[in-house]
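Each chain is listed here by its residues.
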Amino acid sequence: MKSNFIRSLVLCSLIILFFSCETEKKKRQLNLPKTDLAMENMIPIPVKVIPTDSGFALDQFTAIYTSQNVTGFPEIGQFLADKIKEKTNIDVPVNVDEIPEREGVIYINQSDSLELDAPEAYQLYITKDSVILNSNTAAGAFRGIQTLRQIIPNSANDTLASYEVWPIPTGKIIDSPTFGFRSSMLDVARHFFSVEDVKKYIDLLAYYKFNTLHLHLSDDQGWRIEIKSWPKLTEIGGSTEVGGESGGFYTQEEYKEIVAYAAERYIVIIPEIDMPGHSNAASVSYPFLNGNGKTPELYEGIEVGFSTFDTRKDTVYAFLDDVIREITEITPGPYFHMGGDETHVTKMKDYIYFMERVEKIVHKYGKKAIGWDEMVHGDMDSTTIAQFWASKENADIAIKKGMKIILSPAKKMYLDMQYDSLSKYGLHWAAYIPTDSAYTWSPQNYEGIPVESILGIEAPLWSETVGEIGELEYLAFPRAIGHAELAWSIPENRDWERYKVRLANQAPFLDRMDVKYYPSPLIDWEKSKYSYKEIDKD
Ligand code: TNX
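Residues numbered from 1 in each chain as written. Predicted model: local features only at pLDDT ≥ 70, side-chain atom pairs only at ≥ 80, totals over all residues. Heavy atoms only, no water.

In spatial order, the strands read S7-S8-S11-S12-S13-S14-S15-S16; together these 8 strands close into a barrel with parallel pairing. Neighbouring strand axes in the sheet, compared pairwise and without regard to direction, differ in orientation by 30 degrees on average. Sheet analysis places strand S7 (residues 181–187) next to strand S16 (residues 454–461), joined by 6 bridges and oriented parallel. Within S16, the position partnered with Arg182 by the bridge is Ile457. (Pairing = 2+ DSSP bridges. Helix = DSSP H or I, 4+ residues; strand = E, 2+ residues; numbered from the N terminus. Axes fitted to C-alpha atoms, helices over the stretch in contact; angles between N-to-C directions.)

Time to look at the sheet that holds strand S4 (residues 122–126). An order of S1-S6-S4-S5-S3-S2 is seen for the 6 strands of this open sheet, with the pairing classed as mixed. Here the strands that pair on one side only, and so sit at the sheet edges, are strand S1 (48–58) and strand S2 (63–66). Across this sheet, the average inter-strand angle for adjacent strands is 20 degrees, counted without regard to direction. The sheet strands contacting helix H2 (residues 73–88) are S1, S2, strand S3 (105–110), strand S5 (130–135) and strand S6 (166–175), and the helix crosses S3 at an angle near 150 degrees. Helix H3 (residues 138–151) rests against S3, S4, S5 and S6 of the sheet, and its axis sits at about 40 degrees to S4. (Contact = heavy atoms within 4.5 Å.)

A few words on the packing of helix H8 (residues 314–329) against helix H9 (residues 348–364). To describe two helices that pack against each other, one gives the angle between their axes and the distance between the axes. Contact geometry of H8 with H9 gives a least axis separation of 10 Å together with a crossing angle of 35 degrees. Crossing of H8 over H9 shows right-handed handedness. In this structure, H8 contributes Asp314, Val316, Tyr317, Leu320, Asp321 and Ile324 to the contact, and H9 contributes Tyr353, Phe354, Arg357, Val358, Ile361, Val362 and Lys364. Looking at the contact of H8 with H9, its residues break down into 9 nonpolar, no polar and 4 charged. (Left-handed = near helix turned anticlockwise from the far one by under 90°. Nonpolar A, V, L, I, M, F, W, Y, C, P; charged D, E, K, R; others polar.)

What follows deals with the layout of surface pockets. The volume enclosed by the largest pocket comes to roughly 280 Å³. Forming the boundary of the largest pocket are 14 residues, of which Val304, Glu342, Leu427, Trp429 and Glu464 lie nearest the centre. In terms of residue class, the lining of the largest pocket is built from 8 nonpolar, 1 polar and 5 charged. (1 Å grid on protein atoms, 1.4 Å probe; cavity = no way out; pocket = protein on both sides within 12 Å on 5 of 7 lines; lining within 4 Å. Points joined across faces, edges and corners; volume = space filled by probe spheres on them.)

To continue, consider helix H10 (residues 392–400). Three or more residues of H10 are buried, namely Asn394, Ala395 and Ala398. Mapping the buried residues of H10 onto a view down its axis gives an arc of 100 degrees, with all of them on the same face. Facing away from the buried side of H10, by more than 90 degrees, are the exposed residues Glu393 and Lys400. Packing partners of the buried residues in H10 comprise strand S14 (385–388) and strand S15 (404–407). In this structure Ser391 caps H10, since a side-chain oxygen of it lies 3.4 Å from the backbone nitrogen of Glu393. The positive-phi residue at the C-terminal boundary of H10 is Gly402, with phi of around 80 degrees. (Buried < 20%, exposed > 50% of the residue type's maximum accessible area, 1.4 Å probe, protein only. Arc of directions from axis to C-beta. Polar contact = N/O pair within 3.5 Å; in protein donor to acceptor, adjacent residues only side chain to side chain.)

The topology assignment puts Asp514 in the segment after helix H16 (507–512). With relative accessibility at 46%, the residue Asp514 sits in the partly exposed group. Each C-alpha atom of the pair Asp514 and Lys200 lies 9.9 Å from the other, and the pair is 314 residues apart in sequence. For Asp514, the residues in contact, after removing those within four places along its chain, are Lys200 and Glu473. Polar contacts involving the side chain of Asp514 include one to the side chain of Lys516, which spans 2.7 Å.

Before going further, it helps to examine the site of the ligand. Taken together, 13 residues are adjacent to the ligand, and Arg190, Tyr414, Asp416, Trp429 and Glu464 come closest. A distance of 2.6 Å is found between an oxygen atom of the ligand and a side-chain nitrogen or oxygen belonging to Asp416. In the model, an oxygen atom of the ligand is placed 2.6 Å from a nitrogen or oxygen of the Glu464 side chain. With the chains in place, 98% of the 360 Å² that the ligand exposes on its own is no longer accessible. Its atoms largely coinciding with the cavity grid, the ligand occupies the largest pocket. Partitioning the shell around the ligand into residue classes produces 7 nonpolar, 1 polar and 5 charged. (Near = heavy atom within 4 Å. Areas by Shrake-Rupley, 256 points an atom, 1.4 Å probe, with all protein chains shown as cover. Sits in = over half its atoms within 2 Å of the grid points.)

Taken as a whole and judged by the stated rule, the model has 24 salt bridges. Close ionic contact of Lys199 with Glu257 constitutes a salt bridge, the shortest N to O distance being 2.8 Å. Residue Lys199 is found in helix H4 (residues 195–207), and its partner Glu257 is found in helix H6 (residues 252–264); the two are separated by 58 residues along the sequence. Assessed through its relative accessible area of 36%, Glu257 is described here as partly exposed. With its nearest N and O atoms 3.2 Å apart, the salt bridge here joins Lys392 to Asp396. (Salt bridge = Lys/Arg side-chain N within 4 Å of Asp/Glu carboxyl O.)

We now examine the environment of Pro434. On the secondary structure map, Pro434 appears in the loop between helix H11 (410–413) and helix H12 (435–439). In the structure, Pro434 is positioned 16 residues away from Gln418 in sequence and 7.7 Å away in space, judged by C-alpha atoms. If we skip the residues at most four places from it in the chain, Pro434 touches Tyr419 and Leu522.

Let's shift gears to the packing of aromatic side chains. What the rule picks out here adds up to 35 aromatic pairs. Consider the rings of Tyr207 and Tyr208, whose centres lie 5.0 Å apart with planes at 90 degrees: the pair is edge-to-face. Each member of the pair Tyr207 and Tyr208 is classed as buried. These aromatic residues form a ring-pair network of at least three members: Trp223, Trp230, Tyr286, Phe288, Phe309, Tyr317, Phe319, Tyr353 and Phe354. The ring of Trp488 carries the charged tip of Lys209 above its face, separated from the ring centre by 5.6 Å. (Phe/Tyr/Trp six-rings, centres within 6.5 Å; stacked < 30°, edge-to-face > 60°. Lys NZ or Arg CZ within 6 Å of the ring centre and 35° of its normal.)

Written out as structure tokens, the structure reads:
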């Protein structure tokens, strides 16, 4: 009797095992339709994409494994899992001990392959059974998972199995950036933006493979970073903004939080203190700094060029030594931006003396100096980087001096320029910049600047006309997405007509992120329903 019972128990278990294996097999044999490798969804466009004709089933059985003893890789695996959860609501375990039913596996591997030599290079091999992401560096792996995020369809397929499947198109993607410096700038001085706003901007930049964010931390209208040895800078200088709103500033702890958040996304923060002009907020806080001969008062307008530090006072340099020391101490990135633009009330010889002296302070604290292009009139060190925004002559001088250039030509890259005469926000002193104009030019071939002299490109977002994150997003998006492609992709792969389709396909992501982008009439946003597309079999 007892042995019969045991026999039927064993039989039952075998039957259950058989059926569960069958379900497993069914899953393994999921016949995913032939697909287009979602070329239409990737921005920046990768160097090479070789589609094969199937799909990897991202579903409840998927797991992520990463190189475990390489710094950054497990965290990148977790980052990907978090983003998959946000998009699909699937919980994908990361580096868990082998679970038998996990069969679709995403591997994120550190690889020393020579093919992956360029910093931030990665390769993605997507087959029916696995996704393998190889990269030499954690930064490359991080860029690679952005590509993967982009090719996960926006909605699940529920006809392939009894559970939801997000089929990722199979194929091979080989990719690396054109420029190692891909940046945007936020002007948090004209209007202050909260830590949360900056983090959201960083998230958007990261998705499009930017690797740098420049923060314009001081200007006539506001000083936005706590300096412990000079507390009035934020008490007084941080108290207002354009239009007389309440202003604000980052404590050093908050700034560190931004830096850390950016670092988790492989984005470097560049702090800028603009000087000797654009310095009214500092001089109101400590009037001895002022060199324009007028009693400084808080300023809430949008004129430029009226303020200057006193360039011939040692106490001004002692003050700047403290400021640069305190900021560089909490800035792990290699750069410090010393401004230098539009110093209309500073005599040229004083300006030159000033920039050369400040450059030395920046070096003393172990950073590379960056300055707006006017700065090249000084006898600057060849490691100092000139940010070309307006003057080609200045760019030429920089090149002659062996300096590298950051391209930010206002008429192509200024995100605060209006799209057209009807744009709600923005200025238009440099140009109207519609979405196509922001994209249809080549940094490799801009006004004869040799590509060897270009460190990279940066899209600045000045904030005289925008005080809310939604307004800022209206100016930045979609143009910054085009700049991301100019910075990363090779010119042969860029084409406005095809880009337009890929840009339209960003709408579901931008909507999910609650980005108030400008719905450019040049883009057919209605067609933006990226989902896993079946290709006609015949
Ligand atoms: C010029 S670009 C400026 C900024 C303004 C911007 C407005 C540069 C180095 N200086 O101070 O905010 O134009 O578009």
